[in-house]
Amino acid sequence: MNLEGKRILIIITGGIAAYKMNTAVRGFIKEGAEVKVILTPAAKDFVTPLTLSVLSRNEVLWDLSSSSGTWNNHVELALWSDAILVAPCTANTLSKMVHGACDNLAMAVYMSAKCPVFIAPAMDLDMYRHPSTRQNIQRAQDFGHILIPAEEGELASGLHGEGRMAEPEHLIETVRQYFESKDFIKNMAGKKVLITAGPTYEAIDPVRFIGNHSSGKMGFALAEEAAKRGADVILISGPSHEKIKGNHIQLIRVTSAKEMFQEVFRYFSGIDMAIASAAVADYAPKEVAAEKIKKDGDSMTIELVKNPDILKTMGEQKKKQFLIGFALETQNEEAHAKEKLHRKNLDMIVLNSLRDSGAGFQTDTNRIRIFTESQEKEFPIKPKSAVAADILDFAVAQMAK
Ligand code: PMT
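Now for a description of the structure that goes with this document. In this text the structure is predicted, and so the values were computed from the model without any measurement.

1. Observations regarding the overall build of the chain
Here's step 1: The secondary structure content of the chain amounts to 13 helices and 21 strands.
Here's step 2: Along the first, second and third principal axes, the C-alpha set of the chain runs to 75 × 60 × 35 Å.
Here's step 3: Taken across its 401 residues, the chain has 50% of its residues classed as buried.
Here's step 4: Looking at the chain alone, contacts between residues at least 24 apart form 66% of all its contacts between residues at least 6 apart.
Here's step 5: Here the chain has roughly 19,200 Å² of accessible surface; of this, 50% comes from carbon and sulfur atoms.
Here's step 6: Of the charged side chains in the chain, 48 are positive and 50 negative; the average position of the first set lies 3 Å away from that of the second.

As structure tokens, this is what we get:
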């Protein structure tokens, strides 16, 4: 499972080699990747969205809007991707890519992407040799895209020569090798890292609770990134649908703030770094009703009592631990973040604001600012996996000081 947790967006264009992409999608999934597939309109003549959707375990898209009229957000799709693979890439799509012709969802996603792009051309011999194709391939490589060259062999036209799309195993191997060469940083080897993630649910009665919109995505991304860098990670998460990708992560699932508090302090004395990305409920009902509360009257009052502040308590108890907090704000962001940095005795705080679109709860992306006592740094919107890398790069540099 060498592509574990990698998000691969596959763009399939309208060529006969598209039939091989069912195998390729399956192969990427077997390697542990998350896969989304986008078709160009012509690709639908060669492969079925249904098959690809079953194999990729995701909805397959081809239009800028769905039949129900909702917008397929090309920017979110682009930012979700750790890599884009255009396979097969027809002469037509190749030409659009290098000339910026943006007339379908696939092109809109491609043009919004910040991740590496792999291109696996497939076309007939003479088209592949044509000077315009040669020029377009060169241009794509000049953009920094990675070419997976077409191979020689029998072509659908009956001709024999260069133009066959690389085999699915070769596509997967090229993407795998790329990430292997990138993932060499093990700059947290031997470090013990504790991460809180997700929301907490505070029970009102057996069926109701007070909670929030946290999905756990940010915390799980941090855990995966820290583990990739060689750390031993204890991830303490409130209710979340996220799953662990990668080894060296001990996942402890909790429900309420009090449970999270207990688990955190079971491990706190032995760790080197703590990252509090959980959205912990500040208050919980004073009493939890033993039975479902019945409707009675036009209003009801629930008395709330303050939950323990997990991060603040870590700040009070810290010795060698490097402490990273999060601040989720909706106004006066910087002032609130700096106030939490001091009050909770943190080494670093990560600010995300609900005023930024694509930031905060549930999104696959985030936009952050980092503050320490003497420094601050702003980052553009990125996938949460890349945000996690930015946070850990910054933290590792601070710890080395
Ligand atoms: O899970 P996602 O959908 O991916 O969303 C990610 C996120 C928006 C939840 C995450 O990026 C984030 O901002 N997490 C912190 C949310 C929060 O509770 O912020 P806060 O400003 O209210 O709290 C400040 C800090 O104190 C946080 O580090 C929090 O974990 C911690 N805290 C707060 C209250 C409490 N009782 N105990 C705590 O430890």
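The structure having been displayed, the exposition proceeds.
2. Observations concerning helix α13 (residues 384-399)
Here's step 1: Between the first and last C-alpha of α13 there are 22 Å, a value that for 16 residues agrees with the 22 Å anticipated at 1.5 Å per step.
Here's step 2: Taken residue by residue, α13 has Lys384, Val387, Ala388, Ala389, Asp390, Ile391, Leu392, Phe394, Ala395, Val396 and Gln398 as its buried positions.

3. Some thoughts on the side chain of Gln398
Here's step 1: Tracing the sequence through the fold places Gln398 in helix α13.
Here's step 2: For Gln398, a relative accessible area of 16% translates into the label buried.
Here's step 3: Setting aside residues no more than four positions away along its own chain, Gln398 makes contact with Phe322, Thr372 and Gln375.

4. A word on the pairing of strand β17 (residues 348-353)
Here's step 1: By the criterion of burial, β17 is predominantly enclosed, with six of the six residues buried.
Here's step 2: Here β17 shows no split at all, with Met348, Val350 and Asn352 on one side and Ile349, Leu351 and Ser353 on the other all buried.
Here's step 3: With six bridges joining them, strand β16 (residues 322-329) and β17 adopt parallel strand pairing. Across the sheet, residue Gly325 finds its bridge partner in β17, namely Ile349.
Here's step 4: With helix α12 (residues 333-343) bridging β16 and the parallel β17, this β-α-β connection has right-handed handedness.
Here's step 5: Relative to strand β19 (residues 368-371), β17 is paired through four bridges, and the arrangement is antiparallel.

5. Remarks on the pattern of salt bridges
Here's step 1: One pass over the structure, following the stated rule, counts 26 salt bridges.
Here's step 2: For Lys96, the salt bridge is made with Asp103, and the minimal N-O distance between the two is 3.0 Å.
Here's step 3: Using a relative accessible area of 52% as the deciding quantity, one classes Asp103 as exposed.
Here's step 4: Here Glu167 and Arg164 are joined by a salt bridge, their closest N and O atoms 3.1 Å apart.
Here's step 5: Relative accessible area serves as the criterion here: at 26%, Glu167 is assigned to the partly exposed category.
Here's step 6: Looking at Arg164, the relative accessible area reads 27%, which means it is partly exposed.

Basis of the calculations
- Position numbers for residues start from 1 in each chain and track the written sequence from start to end.
- For this predicted model, a pLDDT threshold of at least 70 governs which residues receive local features, and a threshold of 80 or more governs which side-chain atom pairs are given and counted, while totals over whole chains, interfaces and linings are taken from all residues.
- Here the side-chain values reflect all heavy atoms present in the structure, with hydrogen atoms and water set aside.
- The helix and strand labels rest on DSSP assignments: H or I over at least four residues marks a helix, E over at least two residues marks a strand, and numbering proceeds from the N terminus.
- Relative accessibility thresholds used throughout: buried, under 20% of the residue-type maximum; exposed, over 50%; partly exposed, between the two (1.4 Å probe, protein chains only).
- By definition, residues are in contact when any of their heavy atoms lie within 4.5 Å.
- Each accessible area is a Shrake-Rupley estimate made with a 1.4 Å probe; only the visible protein chains count as cover when residues are assessed.
- The sign given to each residue is positive for Lys and Arg and negative for Asp and Glu; His and the chain ends receive no count.
- To locate a charge, take atom NZ for lysine, CZ for arginine, CG for aspartate or CD for glutamate.
- To estimate the expected span of a helix, count its residues, drop one, and scale the result by 1.5 Å.
- Think of it this way: DSSP has to see at least two bridges between two strands before they count as a pair.
- Orient the strands so they point away from the viewer; a crossover is then right-handed if the path from the first strand over the helix to the second runs clockwise.
- Counted as salt bridges are all cases of a side-chain nitrogen of Lys or Arg within 4 Å of a carboxyl oxygen of Asp or Glu.

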